[in-house]
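Residue-level structure breakdown
Listed below are the residues making up each chain.
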Amino acid sequence: DVKVTQSSRYLVKRTGEKVFLECVQDMDHENMFWYRQDPGLGLRLIYFSYDVKMKEKGDIPEGYSVSREKKERFSLILESASTNQTSMYLCASSLSPRNTEAFFGQGTRLTVV
Amino acid sequence: ELKVEQNPLFLSMQEGKNYTIYCNYSTTSDRLYWYRQDPGKSLESLFVLLSNGAVKQEGRLMASLDTKARLSTLHITAAVHDLSATYFCAVGVLGGSNYKLTFGKGTLLTVNP
């Protein structure tokens, strides 16, 4: 079974802090994704990566950056956290660019105070 | 911009009844996915539909895809309480050399005894 692991289930951070959310997958998947999930808005794509050191903006990249130094690890960075970034963050991976069945991690609920 | 619309967004039904959730999307795609999310949990893949006319069934759930109508349905037969969850459809669209998934807002299903 594919396993996608996010480093934290719950995080509380202060406004202005730099925040790192880590995600690791163990199935040698090429694609990795970061989504945020908010009530009434569904899942929205922040960034995705289809190869090491490659990244592409999703639908809502503002205020976020990403890093993919190794194939199995994809990090989401909030450069200066703000209260409107309080949300559930979901990491996902898929096998290849044309095999888009995505497997999700357990999610990180981030609260910015 | 791809739009994915699910309806209804909220569905309360009695055990034993049948119902259908609809997923409409606004641009050509040949791949559609259904996911289930339990409260506080991550998303679990239910069905992968990769061609026009595709039909998949698992237990009391059946999903179908009509690419010409840009419509997928998730049919629930003889609902039971365990099916209570939020159901998302996601549409894959090719952007460059990669497919990107866009999610609907989700349908919150409550099955009452």
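Now for a description of the structure that goes with this document. Here the structure is a predicted model, which is why all the values come from computation and not from measurement.

We now examine the overall build of chain A. Along its length, chain A carries 0 helices and 11 strands. Taken against the 2.2 N^0.38 rule, which gives 13 Å for 113 residues, the C-alpha radius of gyration of chain A at 13 Å falls within 12% of a compact globule. When burial is assessed residue by residue, chain A has 49% of its 113 residues classed as buried. Sequence separation of 24 or more characterises 55% of the internal contacts of chain A that already satisfy a separation of 6 or more. Accessible surface computed for chain A: about 5,500 Å², of which carbon and sulfur atoms make up 49%. Charged side chains of chain A number 16 positive and 15 negative; the gap between the two group centres comes to 5 Å.

Here the focus is the environment of Ala69(B). Examined against the element boundaries, Ala69(B) turns out to sit in the loop between β7 (61-66) and β8 (71-76). In this structure the C-alpha to C-alpha distance between Ala69(B) and Thr28(B), which are 41 residues apart in sequence, comes to 9.6 Å.

Residue and element names in this part refer to chain B. Read from one edge to the other, the open sheet built from 5 strands follows the order β1-β3-β8-β7-β6, with strand pairing classed as antiparallel. Two strands in the sheet have a free side with no partner beyond their single neighbour: β1 (4-7) and β6 (55-58). Strand after strand, the sheet turns through a mean of 15 degrees between neighbouring axes, direction not considered. As judged from the 6 bridges shared by strand β3 (residues 19-25) and β8, these two strands associate in the antiparallel manner.

This part takes up the interface of chain A and chain B. Between chain A and chain B, the residue contacts involve 22 residues of the former and 19 residues of the latter. Together chain A and chain B conceal approximately 1,900 Å² of surface at their shared face, both sides included; 51% is due to carbon and sulfur atoms. Linking chain A with chain B are 1 salt bridge, by the criterion used here. Between Lys100(B) and Asp59(A) there is a salt bridge, with its nearest N and O atoms 3.2 Å apart. Run the count over chain A and chain B and you get 7 residue pairs in polar contact (both at pLDDT 80 or more).

Our next topic: the state of the cysteines. What the rule picks out here adds up to 2 disulfides over all chains. Across the disulfide, Cys23(A) is cross-linked to Cys91(A) (sulfur-sulfur distance 1.9 Å). The S-S bond linking Cys23(A) to Cys91(A) shows a torsion near -75 degrees; that makes this disulfide left-handed. Of this pair, Cys23(A) sits in strand β3 (residues 19-25) while Cys91(A) sits in strand β9 (residues 87-94), placing them 68 residues apart in sequence. With respect to class, Cys23(A) is no different from Cys91(A); both count as buried. Across the disulfide, Cys23(B) is cross-linked to Cys89(B) (sulfur-sulfur distance 2.0 Å). Disulfide Cys23(B)-Cys89(B): the torsion about the S-S bond is 80 degrees, which places it as right-handed. With Cys23(B) in strand β3 and Cys89(B) in strand β9 (residues 85-95), this residue pair connects regions lying 66 residues apart in the sequence.

A few words now on the side chain of Ser49(A). Residues and elements named next belong to chain A. With respect to the secondary-structure elements, Ser49 resides in strand β5 (residues 42-49). Look at Ser49 and you get buried, because its relative accessible area is 0%. Separated by 2.9 Å, the side chain of Ser49 and the backbone oxygen of Asp51 make a polar contact. Sequence-distant contacts of Ser49, defined by excluding residues within four places in its chain, comprise Glu30, Asn31, Met32, Met54, Lys55, Arg68 and Phe74.

A few words on the sheet that holds strand β8 (residues 73-78) of chain A. Residues and elements named next belong to chain A. Strand order in the open sheet made by the 4 strands is β1-β3-β8-β7, with antiparallel pairing throughout. In the strand order of this sheet, the two ends are held by β1 (4-6) and β7 (64-70), each with one partner. Strand-to-strand twist in this sheet, taken as the mean axis angle between neighbours without regard to direction, amounts to 20 degrees. As judged from the 6 bridges shared by β3 and β8, these two strands associate in the antiparallel manner. From the neighbouring strand, Phe20 faces β8, where its bridge partner is Ile77.

Calculation rules
Residues numbered from 1 in each chain as written. Chains lettered and ligands numbered in written order. Predicted model: local features only at pLDDT ≥ 70, side-chain atom pairs only at ≥ 80, totals over all residues. Heavy atoms only, no water. Helix = DSSP H or I, 4+ residues; strand = E, 2+ residues; numbered from the N terminus. Rg over C-alpha atoms; globule rule 2.2 N^0.38 Å. Buried < 20%, exposed > 50% of the residue type's maximum accessible area, 1.4 Å probe, protein only. Contact = heavy atoms within 4.5 Å. Areas by Shrake-Rupley, 256 points an atom, 1.4 Å probe, with all protein chains shown as cover. Lys, Arg positive; Asp, Glu negative; His and termini not counted. Charge placed at Lys NZ, Arg CZ, Asp CG, Glu CD. Pairing = 2+ DSSP bridges. Axes fitted to C-alpha atoms, helices over the stretch in contact; angles between N-to-C directions. Buried area = accessible area lost by both parts, 1.4 Å probe. Salt bridge = Lys/Arg side-chain N within 4 Å of Asp/Glu carboxyl O. Polar contact = N/O pair within 3.5 Å; in protein donor to acceptor, adjacent residues only side chain to side chain. Disulfide = S-S within 2.5 Å.

Any functional reading would require information that these geometric values do not contain.
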